[in-house]
Amino acid sequence: MSEVAKIEYNGQVYELPVVTGSENEKGIDIAKLRGSSGGLITLDRGFKNTGSCESAITFLNGEEGILRYRGYSIEELADKADFLEVAYLLIFGELPTQEQLSKFDADIKAEAHVDEDVKRILDGFPKSAHPMGVLSALTSALIAFNPSSVNANSEEEMYQAIVKIMAKFPVLTAWAHRKRMGLPLDYGDDNLGYVQNFLKMMFKKPNAEYQENKIITNAIDKLLILHADHEQNCSTSTVRIVGSSHAGLFASLSAGISALWGPLHGGANQAVIEMLEAIKADGGDTKKYMGKAKDKEDPFRLMGFGHRVYKNFDPRAKIIKVAADEVLGDLGVEDPVLGIAKGLEQEALSDAYFVDRKLYPNVDFYSGIIYRALGIPTEMFTPMFALGRLPGWIAQWREMRLKGEPIGRPRQIYTGANARDFKDIANR
Ligand code: ACO
């Protein structure tokens, strides 16, 4: 028998169906509440308790620190799969056969070029422009060069749009980097794998052969997998809500990139390193900054700590922490900010303020440290996150369109002025 929840208001009881997910999570379906109660809505600032959809892509249990893509644990995927396989899994629902993967790879390679005119748009940006702004603008601009709108009833059209953006986004990400560094733009090499090719497009110097470093390629591959999806977070919800108006895939992704940019979301990886640098420049006194983070009068927050859903540990952070130690060891990197990071981590893990509020290091605390060790400039950290999150955004957008979800349009409780008469400007 299906379960119901009851809401009593003004002596009237409203019965609402309870929806159960495949991992036994429960949600009260309030779709009919407003209509049957004459206007009652639910209010949930920041959507802390509100599900926006039913989704079969990613399962996350914040209390137990579990993250699975399409049923596969993040630990196993990070260990055994590569980024393109994980992208296919997220988008299409199953791990690809060798034949499916080879076709996906070949189709992406066939589209791995960007119209030369896009370079002129890039040229218009100052070198100092933040690469997230550049990426969001260029992703949106791609629509002008690939104008066919996506017919969600055609699997083929959807597939073509997906392949195009999977192919062109790494080019744009690398270009945003090269522009900042004053390097000539590069198109990469069809003979390389997805991640290898991306790194070549980023780092190839005009006067030298590009030498691949396998440690770096493997670490980046793993980081991209760990960032590939995270169910209904801020940027993914943005992609879904923009897409729900039937705006195209590229426009929806461009909005998602802007949402990811903020320091409370993907921008945290940049903010972590900037914070560690600032602590170092201020004499390296971690206790002083712990005190600031706990002081409610001080706006300072310990960047890279805390998470909306993980209240035990962030499983991605566990994997990255091990990878960070390995990569730094293998590359022989000795970084003074690492000592500060370790000091903060130790203090926070044994401090009552952080323990009581269940604030643990999140994925961004360690990812910035690895990116820095790999020679990726701080401002490129969040674009790296965007490249990793691309398949997740695509998968969520595709699921939303295939299900024919209605346009996203929340309600509000109005708290402004009541009706009043217009005052002529002379009488105000
Ligand atoms: N430093 C100090 N105090 C913190 C921190 C922090 N990093 N994070 C949360 N708190 C405190 C809050 O002040 C609050 O204290 P109170 O209960 O005494 O008022 C309590 O912990 C709960 O915090 P909320 O802000 O209510 O938690 P919320 O779920 O809304 O925020 C967030 C989560 C945004 C991630 C927050 O922890 C934060 O700002 N962290 C730093 C930024 C960061 O690392 N973001 C990356 C997130 S991961 C990602 O997007 C991939």
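The structure reproduced in this document is the subject of the present report. (Residues numbered from 1 in each chain as written. Predicted model: local features only at pLDDT ≥ 70, side-chain atom pairs only at ≥ 80, totals over all residues. Heavy atoms only, no water.)

**Section: the site of the ligand**
Near the ligand there are 23 residues, and of these R301, L302, G304, R308 and Y353 occur at the shortest range. L264 places a polar main-chain atom, nitrogen or oxygen, 3.3 Å from a nitrogen atom of the ligand. For the ligand, whose free accessible area comes to 930 Å², the fraction covered by protein is 78%. Counted by class, the shell around the ligand contains 11 nonpolar, five polar and seven charged residues. (Near = heavy atom within 4 Å. Polar contact = N/O pair within 3.5 Å; in protein donor to acceptor, adjacent residues only side chain to side chain. Areas by Shrake-Rupley, 256 points an atom, 1.4 Å probe, with all protein chains shown as cover. Nonpolar A, V, L, I, M, F, W, Y, C, P; charged D, E, K, R; others polar.)

**Focus on the nonpolar core**
Of all hydrophobic cores here, the largest spans 117 residues; its most connected members are Y69, M166, Y194, I220, L276, L302 and F354. Those residues in contact with Y194 that sit more than four places away from it in its chain are F83, L84, I108, M166, P170, L387 and L390. (Core = buried A, V, L, I, M, F, W, Y, C linked by side-chain atoms within 4.5 Å. Buried < 20%, exposed > 50% of the residue type's maximum accessible area, 1.4 Å probe, protein only. Contact = heavy atoms within 4.5 Å.)

**Topic: the pattern of salt bridges**
It is possible for side chains bearing opposite charge to pair when their charged atoms get close. Within this structure, the stated rule accounts for 22 salt bridges. Of the charged contacts, one joins K109 and D105 as a salt bridge, the two residues approaching to 3.2 Å between their closest N and O atoms. With K109 and D105 both in helix α4 (residues 98–110), this residue pair falls four residues apart, about one helical turn. A relative accessible area of 23% means that K109 is categorised as partly exposed. D351 is paired through a salt bridge with K294; the nearest N and O atoms lie 2.6 Å apart. Taken together, the positions of D351 in the loop between α15 (336–349) and α16 (352–356) and K294 in helix α13 (residues 286–294) put the pair 57 residues apart, joining distant regions of the chain. By sharing partners, the salt bridges in this structure join E277, K280, D335 and R372 into a single network. (Salt bridge = Lys/Arg side-chain N within 4 Å of Asp/Glu carboxyl O. Helix = DSSP H or I, 4+ residues; strand = E, 2+ residues; numbered from the N terminus.)

**Digging into the sheet that holds strand β5 (residues 66–69)**
Overall, antiparallel pairing links the three strands, which are arranged β4-β5-β6 in an open sheet. Edge positions in the open sheet fall to β4 (58–61) and β6 (72–73), since each of these has one partner strand only. With two bridges joining them, β5 and β6 adopt antiparallel strand pairing. In the sheet register, Y69 faces β6, and the bridge partner there is Y72. (Pairing = 2+ DSSP bridges.)

**Digging into a positive patch on the surface**
On the surface, K48, K296, R301, R308, K311 and R357 cluster together into a patch of positive charge. If you trace the backbone, R301 turns up in the loop between α13 and α14 (315–331). (Patch = residues over 30% accessible without salt bridge, like charges linked within 9 Å, V, L, I, M, F, W, Y side chains within 5 Å. Lys, Arg positive; Asp, Glu negative; His and termini not counted. Charge placed at Lys NZ, Arg CZ, Asp CG, Glu CD.)

**Observations regarding the side chain of S254**
You can see S254 is positioned in helix α11 (residues 249–261). Judged by its relative accessible area of 8%, S254 falls in the buried class. Not counting residues up to four positions away in its chain, the partners in contact with S254 are S136, T139 and S140.

**Let's talk about helix α12 (residues 268–281)**
Helix length check: α12 (14 residues) gives 20 Å between terminal C-alpha atoms against 20 Å at 1.5 Å per residue, within 8%. Within the sequence span of α12, burial applies to A268, N269, Q270, A271, V272, I273, M275, L276 and I279. On the buried face of α12, the contacting elements are α13, α15, α17 (363–373) and α18 (381–402). Remark: G283 follows α12 within two positions and exhibits a positive phi of approximately 100°. (Expected span 1.5 Å × (residues − 1).)

**Quick look at unusual backbone geometry**
Residue E231 is not a glycine yet carries a positive backbone phi of 40°. Relative to the elements of secondary structure, E231 occurs in the loop between α9 (214–226) and α10 (234–243). On the accessibility criterion, E231 (24% relative accessible area) is partly exposed. Backbone geometry at H246 places phi at a positive 70°, although glycine is not the residue there. Overall, H246 belongs to the exposed group, its relative accessible area being 51%.

**A few points about the state of the cysteines**
One way to say it: the disulfide is the covalent bond shared by the sulfur atoms of two cysteines. Per the stated rule, a full pass over the model turns up zero disulfides. The closest cysteine sulfur to the non-disulfide-bonded C53 is located on C234, 14 Å from its own sulfur. The partly exposed category is assigned to C234, whose relative accessible area is 47%. (Disulfide = S-S within 2.5 Å.)

**Things to note about α4**
The terminal C-alpha atoms of α4 lie 18 Å apart, and with 13 residues this matches the ideal 18 Å at 1.5 Å per residue to within 8%. Within α4, burial applies to L101, F104 and I108. Seen from one end, α4 has its buried residues packed into an arc of 60°, which puts them on one side. Exposed side of α4, more than 90 degrees from the buried face: Q98, E99 and A110 are the residues found there. On its buried face, α4 sits against α3 (83–92), α7 (155–181) and α8 (194–203). (Arc of directions from axis to C-beta.)

**Structural notes on the side chain of T382**
Among the structural elements, T382 can be located in helix α18. Those residues within four positions of T382 in sequence are excluded, and the remaining contacts are M132, L260, W261, G266, G267, N269 and Q270.

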